[in-house]
Amino acid sequence: MTGTTSRVLLRIWAYLVVAFLFFPIAIVVLYAFNSSNVQAWPLPGFSTQWFTVAWHDNQVRDALWLSVKAGLISTAIALVLGSLASFGVHKFKFFGRETISFLVVLPLALPGIITGVALNSAFSFAGVGLSLMTIIIGHATFCVVVVYNNVLARLRRVSGSLVEASMDLGARPWQTFRLVTMPSLTTALVSGALLAFALSFDEIIVTTFTAGAQNTLPLWIFGAIRLGQQLPEVNAVVLVVLVVTILPVAISTRLTGREGIQ
Amino acid sequence: MTQTADDVTAGVASDATAAVRITGLHKSFGAVRAVDGVDLTIEKGEFFTMLGPSGSGKTTLLRIIGGFESVDRGTVEIFGVDMTRTPPYDRDVNTVFQNYALFPHMTVQDNVEYGLRVKRVPKKKRADTAADALAMVGLTAMGGRKPDQLSGGQRQRVALARAIVNRPKVLLLDEPLGALDLKLRQGMQLELKRIQREAGITFIYVTHDQEEALTMSDRIAVFHKGQIEQAGTPVEIYEQPSTEYVAGFIGVSNMLDHAGLTYAVRPERIRMVTDPASEPPDAVCVPAVVREVIYLGVNTRYTVGLASGQAVVVIRPNGGAADNVIPAGTDVTICWWPTTSHSIGPSGQMSTPKN
């Protein structure tokens, strides 16, 4: 077999894999613009009516607002806790440091169902009613990890010699932090925050166990699909979730990618 | 720079005071004794080189002088003031780092201004001072660029400008030319000497390149296993190495025994002749066989074997005709002069020449 043939075959294979991954998404996107409320081929026509319907649906509005609040607040918590944890682990050598590093990262690797059930039991044990606050705590467990990982990776790559150079030139520790450490962390913090928000915005498993009676957007979608009603509206909402999640991830990738060139 | 009380005290004592005085210094990393009992005095205005292979302790000592490493025992005085436990930002010392460590998010101008900025020098003044420093290293037009838009040689100059703009009393340079190619390196060697003369700053220079050390230094300390084997002028180090290690590390030396003493004899100090009778009477002459001939243009390098089996390196200038080169296999006589050679001690074990 010649090199050209194998290259062509490989390329076809790659396209097939991409198609396999993105075909379902493409279907949802198409259905979102379906003019009929019956999902059948061929689509009878193009329409944006389901976006209007969804926008005026109070349930959807409430769910969207709840998701945005949960995403923003858990991202804010993650920024503070995640970066503090990474400073601590990076700067100080203490007994159990590796263990702490491992434990901080664990929630991201742990199946969501375990985190969810564990949190649910813990809240009922402590007599805490499920609310926005419990959703936020649940989301924060994995949002912290994203920020922590991003900042720690940057600290490990940047700091050493630059911090020494700054001290050498007469900067006190606070000046060094403000003028050298922080500016080199900005993109890591921004990309960490975007990823954290994206994770929170489409999270469903942990949310199921921590949300009580309220619906986040993914919970509303899940409920609507199970009931089998409002399907066209669901497709429109899914498309919104898709955009809101993909954009931050794409921006975050660009940010960290550009830094990587240096 | 304004004079503080410290400067005044140091200034009074300065004529009698060394730039850096290191006493009984020890530093270990785990089981490794990086610096193992160093005493050293570096005079004001000196170009002082710490020379040695990697792992010999020279970089650790430089980092101790800069304040980046703590010490286990001993003291570091800078201009008469004990600075052993002073953090880097309170030492009147600046460093040119091996990897330059330029701040990637700042322009060249901001990098050079950094030391003045953190000391709260007014904006106008620090811009002017930084411009002077950039002019000194020949980078006047580059102020607006970011470090990643510069070549290796230009980054090296920015690192230098960023350090000297603060007018430190002592400048530490950690293999600053290591990453540059040969031609650029030689140019920068001359330039560093010029800048050191113009700025009148004490330079402490770390390198593993013996040629660079001989070219640039007022004095050299040769490091070996965390200790100083010998400190002296380039001529002393080259002509009168105090140990076999120094003789071997700086260029090539032949260890020759005569009358109970071992002499370190440089290859260019040995005559290779076919007629021993013509040599002066105080010469020590022994028969040898040419084993290897390497033609080097200006001169030719021979490895000859003695009857004892010892190999000796001899260098002869290619002054005359082309048939001046003696082919391998020729029986010759090599002659050298104990009276003008340097003895490193009583003869003991047989040694082979080192590169």
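These numbers come from a predicted model, not from an experiment. (Residues numbered from 1 in each chain as written. Chains lettered and ligands numbered in written order. Predicted model: local features only at pLDDT ≥ 70, side-chain atom pairs only at ≥ 80, totals over all residues. Heavy atoms only, no water.)

Q: Break down the interface of chain A and chain B for me, citing the residues and quoting the values.
A: Contacts between chain A and chain B engage 18 residues on the former and 25 residues on the latter. Taken over both partners, the interface formed by chain A and chain B buries close to 2,000 Å², and the fraction arising from carbon and sulfur atoms is 58%. Contact with chain B buries area across many residues of chain A, yet D168(A), L169(A) and L179(A) alone supply 34% of it, more than any other trio. Applying the counting criterion to the chain A and chain B interface returns 2 salt bridges. Among the elements of the structure, α6 (132-168) and α7 (173-201) of chain A are those that each provide at least two residues to the side of chain A that touches chain B. Of the residues forming the side of chain A that touches chain B, the biggest block, 7 residues, is contributed by α6(A). Tallied by class, residues from the side of chain A that touches chain B come to 9 nonpolar, 6 polar and 3 charged. (Contact = heavy atoms within 4.5 Å. Buried area = accessible area lost by both parts, 1.4 Å probe. Salt bridge = Lys/Arg side-chain N within 4 Å of Asp/Glu carboxyl O. Helix = DSSP H or I, 4+ residues; strand = E, 2+ residues; numbered from the N terminus. Nonpolar A, V, L, I, M, F, W, Y, C, P; charged D, E, K, R; others polar.)

Q: Report on the nonpolar core, specifying residues and quantitative values.
A: Residue and element names in this part refer to chain B. One finds V112, L160, L171, L173, L192 and F203 to be the most contacted residues of the largest nonpolar core, which totals 35 residues. Elements that contribute at least two residues to this core include exactly α3 (108-118), α4 (123-136), α5 (152-164), β7 (170-174), α6 (182-199) and β8 (202-207). Ignoring sequence-local partners within four residues, the contact set of F203 consists of E46, F47, F48, L171, L173, L192, I195 and Q196. If you look at the next biggest cluster of nonpolar residues, it comprises 26 residues, including M50, V71, I204 and A221. (Core = buried A, V, L, I, M, F, W, Y, C linked by side-chain atoms within 4.5 Å. Buried < 20%, exposed > 50% of the residue type's maximum accessible area, 1.4 Å probe, protein only.)

Q: Lay out the domain arrangement of chain B with the relevant residues and their values.
A: For chain B, the assigned domains read domain 1 (5-239) and domain 2 (254-340). With centres defined by C-alpha atoms, the gap from domain 1 of chain B to domain 2 of chain B works out at 42 Å. (Domains from an automatic or database assignment.)

Q: Got a sec to walk through helix α3 (residues 58-91) of chain A? Specific residues and values, please.
A: The end-to-end C-alpha distance of α3(A) is 49 Å, a good match for the 50 Å that 34 residues give at a rise of 1.5 Å each. Where α3(A) begins, one side-chain oxygen reaches toward the backbone nitrogen of Q59(A), 2.8 Å away; that side chain belongs to D57(A). (Expected span 1.5 Å × (residues − 1). Polar contact = N/O pair within 3.5 Å; in protein donor to acceptor, adjacent residues only side chain to side chain.)

Q: Could you give an account of the state of the cysteines, with specific residues and numbers?
A: Residues and elements named next belong to chain B. Under the defined criterion, the tally for this structure stands at 1 disulfide over all chains. Each disulfide pairs two cysteine sulfurs, and for C285 the partner residue is C335, the sulfurs being separated by 2.0 Å. One quick way to see it: the torsion about the S-S bond of C285 and C335 is about 115°, and its sign makes the bridge right-handed. With C285 in strand β14 (residues 284-295) and C335 in strand β17 (residues 331-336), this residue pair connects regions lying 50 residues apart in the sequence. Owing to a relative accessible area of 31%, C285 belongs among the partly exposed residues under this scheme. (Disulfide = S-S within 2.5 Å.)

Q: If you had to explain the side chain of N94(B) to someone new, which residues and values would you point to?
A: Mapped onto the elements of the fold, N94(B) is located in strand β6 (residues 93-96). According to the relative accessible area criterion, N94(B) is buried, its value standing at 4%. A distance of 2.8 Å separates the side chain of N94(B) from the backbone oxygen of D168(A), its partner in a polar contact.

Q: Outline the pairing of strand β1 (residues 20-29) of chain B, supporting the account with residue identities and numerical values.
A: Residue and element names in this part refer to chain B. Sheet topology note: the β1/strand β2 (residues 32-42) ladder contains 8 bridges and is antiparallel. Each residue of the ladder has a partner; that of S28, found in β2, is R33. Taken together, β1 and the strand that follows it, β2, pair antiparallel across an intervening segment of 2 residues, in which G30 is found at a positive phi of about 65°. Here 5 bridges tie β1 to strand β4 (residues 73-78), and the two strands are oriented antiparallel to one another. Pairing of R21 across the sheet is with E77, part of β4. (Pairing = 2+ DSSP bridges.)

Q: Got a sec to walk through the sheet that holds strand β16 (residues 311-317) of chain B? Specific residues and values, please.
A: Residues and elements named next belong to chain B. Spatially, 5 strands are ordered β13-β17-β14-β15-β16 in an open sheet, and the strand pairing comes out antiparallel. Each edge of the open sheet is held by one strand with a lone partner, namely β13 (271-273) and β16. Sheet twist, expressed as the mean angle between neighbouring strand axes with direction ignored, is 45°. Pairing of β14 with strand β15 (residues 299-306) involves 7 bridges; the strand directions are antiparallel. Within β15, the residue paired with Y295 across the bridge is T300. (Axes fitted to C-alpha atoms, helices over the stretch in contact; angles between N-to-C directions.)

Q: Could you give an account of the environment of A264(B), with specific residues and numbers?
A: Residues and elements named next belong to chain B. For A264, the position within the fold is in strand β12 (residues 261-265). Given a relative accessible area of 7%, A264 falls into the buried group. Separated by 78 residues in sequence, A264 and H342 place their C-alpha atoms 5.8 Å apart. Setting aside residues up to four positions removed in sequence, A264 forms contacts with P241, A247, S253, N254, M255, H342 and I344.

Q: Before we move on, can you summarise a positive patch on the surface with the specific residues and values?
A: Taken together, the side chains of R178(A), R117(B), R120(B) and K123(B) define a basic patch exposed on the protein surface. Relative to the assigned elements, R120(B) resides in the loop between α3 and α4. (Patch = residues over 30% accessible without salt bridge, like charges linked within 9 Å, V, L, I, M, F, W, Y side chains within 5 Å. Areas by Shrake-Rupley, 256 points an atom, 1.4 Å probe, with all protein chains shown as cover. Lys, Arg positive; Asp, Glu negative; His and termini not counted. Charge placed at Lys NZ, Arg CZ, Asp CG, Glu CD.)

Q: Describe in detail the pattern of salt bridges, supporting the description with residues and values.
A: Residues and elements named next belong to chain B. Under the definition given, this model contains 15 salt bridges over all chains. Note that E69 is salt-bridged to R63, the shortest N-O span being 3.0 Å. By relative accessible area, E69 is classed as buried at 19%. Taking relative accessible area as the criterion, R63 reaches 22% and is therefore assigned partly exposed. The salt bridge involving E113 is made with R126; its shortest N-O contact spans 3.0 Å. One end of the pair, E113, is in helix α3; the other, R126, is in helix α4, and 13 residues separate them in sequence. For the pair formed by E113 and R126, the shared burial category is buried. One salt-bridge network, in which partners are shared between bridges, spans R157, E191, R194 and E198.

Q: With reference to specific residues and values, describe helix α2 (residues 58-66) of chain B.
A: Given 3.6 residues to a turn, an α-helix orients residues that are three or four positions apart in the same direction. Residues and elements named next belong to chain B. By the criterion of burial, α2 is predominantly enclosed, with 7 of the 9 residues buried. What α2 keeps buried is the set K58, T60, L61, L62, I64, I65 and G66. A positive phi of about 95° marks G67, the residue just after α2.

Q: Please give an account of the packing of aromatic side chains that cites residues and values.
A: All names here are of chain A. This model, assessed by the stated rule, comprises 10 aromatic pairs over all chains. Relative to F177, the ring of F87 has its centre 5.5 Å away and its plane inclined at 85°; by these criteria the two rings are edge-to-face. Remark: F177 occurs in helix α7 and F87 occurs in helix α3; sequence separation between them is 90 residues. Consider the rings of F197 and F201, whose centres lie 5.6 Å apart with planes at 25°: the pair is stacked. Of the two residues, F197 and F201 both sit in helix α7, 4 residues apart, roughly one turn of that helix. Exposure remark for F201: the relative accessible area of 1% places this residue in the buried category. Grouped by ring-pair contacts, the aromatic residues F87, W174 and F177 constitute a single cluster. (Phe/Tyr/Trp six-rings, centres within 6.5 Å; stacked < 30°, edge-to-face > 60°.)

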